[in-house]
Amino acid sequence: MGKQKTVINGKRTKEEKRKYWKKSLKRDRFLILMILPVILYYIIFCYLPMSGLWMAFTQYKIGSGFQGLFTSDFVGLKWFRQFFHSVYAWRLVRNTFLLSFYSLIFGFPIPILFAIAVTQLRGKRLQKVIQVTTYLPYFISTVVVCGMINNFLSPSGGIINQLLGMLGIDSINFLSLPQWFRPIYVISGSWQSFGFNSIIFVAAIMGISPDLYEAMRVDGANKRKVIWHLVLPSIRPTIILLLIMTLGSMMSVGFEKVYLLYNPSVYETADVIQTYVYRQGIGSNNYSYAAAVGLFNSVINFGIVFLANRLSRKVTDTSIW
């Protein structure tokens, strides 16, 4: 009777699809096992917690457990209105935005400039030593970094105040003055992360064809022209994509570092949405209110990355989606 046909009108039958998937799963079983932990991580820690967003619209009571998310009284936008009418709303949004904005302005270009400078070095050994040296601070724990900052800026015995004393300047309690918190946060963050963040830019520059460099040298281009007309245009798509991704976390200032460095005397410039959510949720047990503030922050982040991606797609034809 011949081989039974499994394709009807150019489409696979259910039996053929089942066999195809079975064969694919068997063939790619090791790849699936490798990616399974990543999938489980995002399901458990990213997608399942999204059910807690409903808490922002209810009067959640402590002790009601998971079922309380859906059995608590619905209050609508009560917590959002309470936050917007509070005296802290503008201060929190302002501080969160400014810390992120300053970190972006001063912290984003440095890895690019550093990657360009490193790749222009002639000595490969010196290049590797510099790269490894600048990578190391990224792997230092945030707690340790904040401890170093406290020791360096201590008004009694800190190395910075010792240097100021040698110059005849009185000791300054940096961490108790609101005007110093933002510079300390931005500078320490840039120092800790610029080496690690430069890795992807170094990789992008290394991917430029040597023939292009040779062609520009033949045309008489110096290093400045090579960087301006070859290196920067070649890594522009990488810069744009990373910029969009960075903008996506514009309102998500690192909670740990702010929490470890700030104190009530610097709340005016240091208190951000994440620390306020922590105090309201964990400190005051007002989980519904904290969930509403956190949801507002996430919506702002999504709006920023959506607009940045759309603008980039229109202006440069480069976008994430």
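So, how was this worked out
Residues numbered from 1 in each chain as written. Predicted model: local features only at pLDDT ≥ 70, side-chain atom pairs only at ≥ 80, totals over all residues. Heavy atoms only, no water. Helix = DSSP H or I, 4+ residues; strand = E, 2+ residues; numbered from the N terminus. Rg over C-alpha atoms; globule rule 2.2 N^0.38 Å. Buried < 20%, exposed > 50% of the residue type's maximum accessible area, 1.4 Å probe, protein only. Areas by Shrake-Rupley, 256 points an atom, 1.4 Å probe, with all protein chains shown as cover. Lys, Arg positive; Asp, Glu negative; His and termini not counted. Charge placed at Lys NZ, Arg CZ, Asp CG, Glu CD. Phe/Tyr/Trp six-rings, centres within 6.5 Å; stacked < 30°, edge-to-face > 60°. Arc of directions from axis to C-beta. Contact = heavy atoms within 4.5 Å. Axes fitted to C-alpha atoms, helices over the stretch in contact; angles between N-to-C directions. Parallel < 35°, antiparallel > 145°, perpendicular 65-115°, else oblique. Left-handed = near helix turned anticlockwise from the far one by under 90°. Nonpolar A, V, L, I, M, F, W, Y, C, P; charged D, E, K, R; others polar. Polar contact = N/O pair within 3.5 Å; in protein donor to acceptor, adjacent residues only side chain to side chain.

## Section: the overall build of the chain
Along its length, the chain carries 17 helices and four strands. A compact globule built from 321 residues would reach a C-alpha radius of gyration of about 20 Å, whereas the chain, at 26 Å, exceeds it by more than 25%. By the burial criterion, 35% of the 321 residues in the chain qualify as buried. When the accessible area of the chain is evaluated, it comes to approximately 20900 Å², of which 66% is carbon and sulfur surface. Computing the positive centroid from 33 side-chain charges and the negative centroid from 12, the chain places the two 8 Å apart.

## Observations concerning the packing of aromatic side chains
One pass over the full model with this rule turns up 29 aromatic pairs. On the numbers, 6.1 Å between centres and 55° between planes, the contact of F101 with Y102 is tilted. A residue is classified by how much of its surface remains accessible, and Y102, at 30% relative accessible area, is partly exposed. Centroid distance F108 to F201: 6.4 Å. Interplanar angle 90°. Geometry classified as edge-to-face. Highlighted residues: F108 in the loop between α5 (89-107) and α6 (109-119) and F201 in helix α11 (residues 199-206), separated in sequence by 93 residues.

## Regarding α11
Along α11, the positions that sit buried rather than exposed are F201, V202 and I205. Down the axis of α11, the buried side of the element spans an arc of 100°, and every buried residue falls inside it. Tucked into the core, α11 has its buried residues touching α6, α7 (124-135), α10 (178-197), α12 (210-218) and α13 (223-247).

## So, the environment of R27
Here R27 lies in helix α1 (residues 14-27). Taking relative accessible area as the criterion, R27 reaches 60% and is therefore assigned exposed.

## A short note on the packing of α5 against α10
The contact between α5 and α10 brings their axes to 10 Å, and the two run at 40°. Here α5 is positioned oblique relative to α10, judged by the angle of their axes. Relative to α10, α5 is oriented so that their crossing is right-handed. Judged by residue contacts, R94, N95, L98, L99, Y102, S103, F106 and G107 of α5 engage F181, R182, Y185, V186 and S190 from α10. When grouped by side-chain class, the residues that make up the contact of α5 with α10 number seven nonpolar, four polar and two charged.

## What to know about the side chain of Q131
Relative to the assigned elements, Q131 resides in helix α7. When its relative accessible area of 11% is taken as the criterion, Q131 is described as buried. Setting aside residues no more than four positions away along its own chain, Q131 makes contact with V118 and V202.

## A few points about the side chain of N95
Along the chain, the position of N95 falls in helix α5. Assessed through its relative accessible area of 0%, N95 is described here as buried. Engagement of the side chain of N95 in a polar contact is seen with the side chain of R94, the distance being 3.4 Å. When near neighbours in sequence (up to four residues on either side) are disregarded, N95 contacts R182, Y267, E268, T269, A270, D271 and V272.

## Some details on the environment of G207
Take G207: it is sitting in the loop between α11 and α12. Among the residues examined, G207 registers a relative accessible area of 63% and is labelled exposed. Counting along the chain gives 120 residues from G207 to V87, while the straight-line C-alpha distance between them is 52 Å.

So yeah, pure geometry; function would need other evidence.
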